[in-house]
Amino acid sequence: MNGKNESGGERRRLVVIGGGIAGSLLAESLQFDVDVTLIDPKEYFEITWASLRAMVEPSFGKRSVINHRDYFTNGRIVTSNAINITDTVVLTAEGHIVPYDYLVIATGHAESVPKTRTARLAEYQAENEKIKSAHSILIVGGGPTGVELAGEIAVDFPEKKVTLVHNGSRLMEFIGPKAADKTLKWLRSKNVDVKLEQRVDLNSIPEVDENGSRIYHSLAGETIKADCHFLCAGKPLGSAWLKDTVLKNNLDFHGRLVVDEYLRVKGRKNIFAIGDITNIPEIKQGYLAQKHAEVAAGNLKLLMAGGKECKMAAYKPDGSVTAIVSLGRRDAVAQFPFITIIGLIPGMIKSGDLFVGKTRKQRGLEPHVV
C-alpha cells in the first residue's frame with residue numbers, strides 16, 4: 001500500500017473500527033483513495049441476514065462469510081478489539097496504537113463470534129447438526145431473527161415440531177400489524193406453534209423427560225417440550241467500550257452515537273459513525289447501514305482531498321417502515337409504504353439468494369464463486 005498520494009504528499013490516514021455491513025463497504029470503497037486501516041476482532045465480514053440460511057444449509061455460509069482480505073486488498077487489517085480512542089489514535093486490546101486523521105466507528109451490535117472464517121463455518125455446521133438431530137425445536141424470540149429461523153426450519157425440515165415463543169402481543173413489533181398478522185398465519189400454516197405474550201425461563205437447567213426431550217417452563221407456568229432451543233433475542237449495541245473514551249459524552253441514553261446530518265459524530269470534524277450504532281431515527285437494517293457507508297465515504301473522500309465542508313452530502317433518514325422478512329426459500333412478507341404483501345412475489349425479491357450475490361458484488365467480488 002502506497003503511503004503517498006499522486007502529488008507526492010502523505011496520504012490521509014483513515015481508521016475504520018468495525019468490519020460489519022457498514023464498515024466493510026466503507027473500507028472497500030476508499031481503499032485506493034486514502035491510507036485505510038480496518039480494525040475488527042474477526043478476520044472476516046459476514047452478511048448477517050444470510051446467517052439463518054447457513055444454519056439449515058451450511059454450504060450457503062461459504063458465500064456469506066468473507067475474509068476481509070478478499071475484498072479489502074489495499075489496506076491494513078488489525079484483528080483486535082478497539083478499547084480506547086483519543087483525539088489522535090485508536091488503541092486495541094492487543095496493544096496496537098493506530099494513528100488517524102479521520103475515524104469511522106461502525107461497531108454495530110456486540111456479538112460473540114469466532115475469530116476465523118473456518119471456525120465460523122464450523123459453527124454453522126454444528127448448528128445444522130443440532131437442527132437435523134432434533135425432533136422438536138424451541139425458538140425464543142419473535143422478532144425478525146426468530147421468525148426467519150422458524151421459516152427456514154419449517155420449510156427445509158417440515159417434519160420437525162417447531163415452537164416459537166414471543167413475549168410481545170404480536171410478532172415483529174418493528175413493522176405494522178398487517179405484516180405481523182400475515183406472518184403469524186403463514187407460520188401456523190407451516191405447523192409452527194406460535195405462543196405470544198409468553199416468556200421462557202432459560203436461566204434454570206431444563207428437566208429431561210423419559211424420551212430425552214428437554215422440558216422448558218414459561219414464566220406463566222406452561223411447559224414446552226423440545227430437544228433443543230435457539231435464543232433469537234436482540235443483541236446489545238457495540239458501544240459499551242466508548243464510555244471510557246473521548247466520545248463518552250457523544251452517546252445518547254440508549255448508547256448510540258449522536259451524529260449530524262453528514263454522519264459525523266456531533267461536535268467532531270474528523271470522526272464519523274455509521275450503521276446501527278448511530279442515533280438516526282430509522283429502523284436498523286442492513287441496506288440502510290450500507291447507505292450510511294456510501295454517504296460517509298463520499299464525505300470523507302471530499303474532506304481528505306481538501307474539499308469544502310459545504311459540499312458534503314447530507315444523509316436523509318428513511319422515515320418509512322420498509323421491510324422484507326424472508327419466510328424460507330420461496331416466500332417472504334414485505335411491508336412497503338402503501339402496501340403489505342406476503343408470498344412468492346416478495347419472496348422473489350429476497351428469499352432465494354438473500355441479496356448475497358448483490359452484497360458480494362458491492363465489495364468487488366464474484367456473486368456466485370465460493
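Owing to the predicted nature of the structure, the values given are computational and were not obtained by experimental measurement.

Caption draft 1: Representation of the overall build of the protein chain in the model. The number of helices and strands found in the protein chain is 10 helices and 20 strands. Whereas a compact globule of 370 residues would reach a radius of gyration of roughly 21 Å, the protein chain reaches 22 Å, a difference of no more than 12%. Seen along its three principal axes, the alpha-carbon backbone of the protein chain occupies a region of about 75 × 45 × 45 Å. Put simply, of all contacts in the protein chain between residues at least 6 apart along the chain, 61% involve residues at least 24 apart. Carbon and sulfur atoms make up 52% of the accessible area of the protein chain, which totals about 17200 Å². Side-chain charges of the protein chain comprise 48 positive and 43 negative groups, with the mean position of each set lying 4 Å from the other.

Caption draft 2: Focus on the sheet that holds strand E17 (residues 271-273). If you trace the five strands from one edge of the open sheet to the other, you get E5-E2-E1-E9-E17, paired in parallel fashion. Each edge of the sheet is formed by a strand with only one pairing partner; in this case those strands are strand E5 (76-79) and E17. Strand-to-strand, the axes of this sheet are offset by a mean angle of 15 degrees, without reference to chain direction. In terms of strand pairing, strand E1 (residues 13-17) meets strand E2 (residues 35-40) through five bridges, oriented parallel. Following the sheet pairing, Arg13 is matched in E2 by Asp35. Sheet strands in contact with helix H1 (residues 21-30) are E1, E2 and strand E9 (102-105), and its direction is about 160 degrees off that of E1.

Caption draft 3: Up close: the side chain of Glu28. For Glu28, the position within the fold is in helix H1. We note that Glu28 is buried and unpaired, the nearest opposite charge coming from Arg363 at a distance of 6.7 Å. Setting aside its immediate chain neighbours within four residues, Glu28 contacts Tyr71, Phe72, Gln362, Arg363 and Gly364.

Caption draft 4: Structural context of the pairing of strand E6 (residues 82-85). Across three bridges, the pairing between E6 and strand E7 (residues 89-92) is antiparallel. Across the sheet, the residue bridging to Asn84 is Leu91, located in E7. Counted between consecutive antiparallel strands, the loop separating E6 from E7 contains three residues.

Caption draft 5: Looking closely at the environment of Ile97. Turning to its location among the elements, Ile97 is positioned in strand E8 (residues 97-99). What makes Ile97 exposed here is its relative accessible area of 59%. In the structure, Ile97 is positioned 12 residues away from Ile85 in sequence and 9.7 Å away in space, judged by C-alpha atoms.

Caption draft 6: View of the environment of Ala297. Inspection of the secondary structure puts Ala297 in helix H8 (residues 286-304). Ala297 gets classed as buried once you look at its relative accessible area, which sits at 7%. Between the alpha carbons of Ala297 and Ser29 there is a distance of 7.2 Å; along the sequence they are 268 residues apart. With residues near it in sequence (within four places) discarded, Ala297 still touches Leu26, Ser29 and Leu30.

Caption draft 7: Region of interest: the UniProt feature "domain: FAD/NAD(P)-binding" (unreviewed entry) in the protein chain. Those residues carrying the UniProt feature "domain: FAD/NAD(P)-binding" (unreviewed entry) are residues 13-291 in this numbering. As a span, residues 13-291 carries 26% helix and 24% strand, and end to end its C-alpha atoms are 23 Å apart.

Caption draft 8: The confidence of the model for the protein chain, seen in detail. Taken as a whole, the protein chain shows an average pLDDT of 93; of its residues, 97% reach a score of 70 or greater. Considering only residues more than four positions removed or in separate chains, one finds that residues 1-8, a stretch of pLDDT under 50, has 15 contacts.

Caption draft 9: Quick peek at the nonpolar core. Counting residues in each nonpolar core, the largest one holds 61 residues, and the members touching the most others are Leu14, Ile17, Leu26 and Ile105. Mapped onto this core, the elements with two or more residues apiece are E1, H1, E2, E6, E9, E17 and H8. Broken down by element, the residue count for this core peaks at nine residues, all from H8. Among residues more than four places away in sequence, those in contact with Leu14 are Leu26, Leu30, Val34, Asp35, Val36, Thr37, Tyr102, Leu103, Val104, Leu300 and Met304. Within the second largest apolar cluster, 36 residues are counted, among which are Met55, Leu164, Met172 and Ile175.

Caption draft 10: How the structure looks around the sheet that holds E7. Ordered in space as E6-E7-E8, the three strands form an open sheet in which the pairing is antiparallel. The open sheet has two edge strands, E6 and E8, and neither has a second partner. Across the sheet, the mean angle separating the axes of adjacent strands is 25 degrees when strand polarity is ignored. Pairing of E7 with E8 involves three bridges; the strand directions are antiparallel. Bridge pairing in E8 links Val90 to Val98.

Caption draft 11: Local environment of the packing of aromatic side chains. The tally for this structure, following the rule as stated, stands at one aromatic pair. Taking 6.1 Å as the distance between ring centres and 75 degrees as the angle between the ring planes, the aromatic pair formed by Phe45 and Tyr71 counts as edge-to-face. Placement of Phe45 in strand E3 (residues 44-46) and of Tyr71 in helix H4 (residues 68-71) is noted, with a sequence separation of 26 residues between them. With a relative accessible area of 0%, Phe45 lands in the buried category.

Rules behind the numbers
Residues numbered from 1 in each chain as written. Predicted model: local features only at pLDDT ≥ 70, side-chain atom pairs only at ≥ 80, totals over all residues. Heavy atoms only, no water. Helix = DSSP H or I, 4+ residues; strand = E, 2+ residues; numbered from the N terminus. Rg over C-alpha atoms; globule rule 2.2 N^0.38 Å. Contact = heavy atoms within 4.5 Å. Areas by Shrake-Rupley, 256 points an atom, 1.4 Å probe, with all protein chains shown as cover. Lys, Arg positive; Asp, Glu negative; His and termini not counted. Charge placed at Lys NZ, Arg CZ, Asp CG, Glu CD. Pairing = 2+ DSSP bridges. Axes fitted to C-alpha atoms, helices over the stretch in contact; angles between N-to-C directions. Buried < 20%, exposed > 50% of the residue type's maximum accessible area, 1.4 Å probe, protein only. Salt bridge = Lys/Arg side-chain N within 4 Å of Asp/Glu carboxyl O. UniProt positions renumbered as here; feature names shortened; annotations may be inferred. pLDDT = per-residue confidence, 0-100. Core = buried A, V, L, I, M, F, W, Y, C linked by side-chain atoms within 4.5 Å. Phe/Tyr/Trp six-rings, centres within 6.5 Å; stacked < 30°, edge-to-face > 60°.

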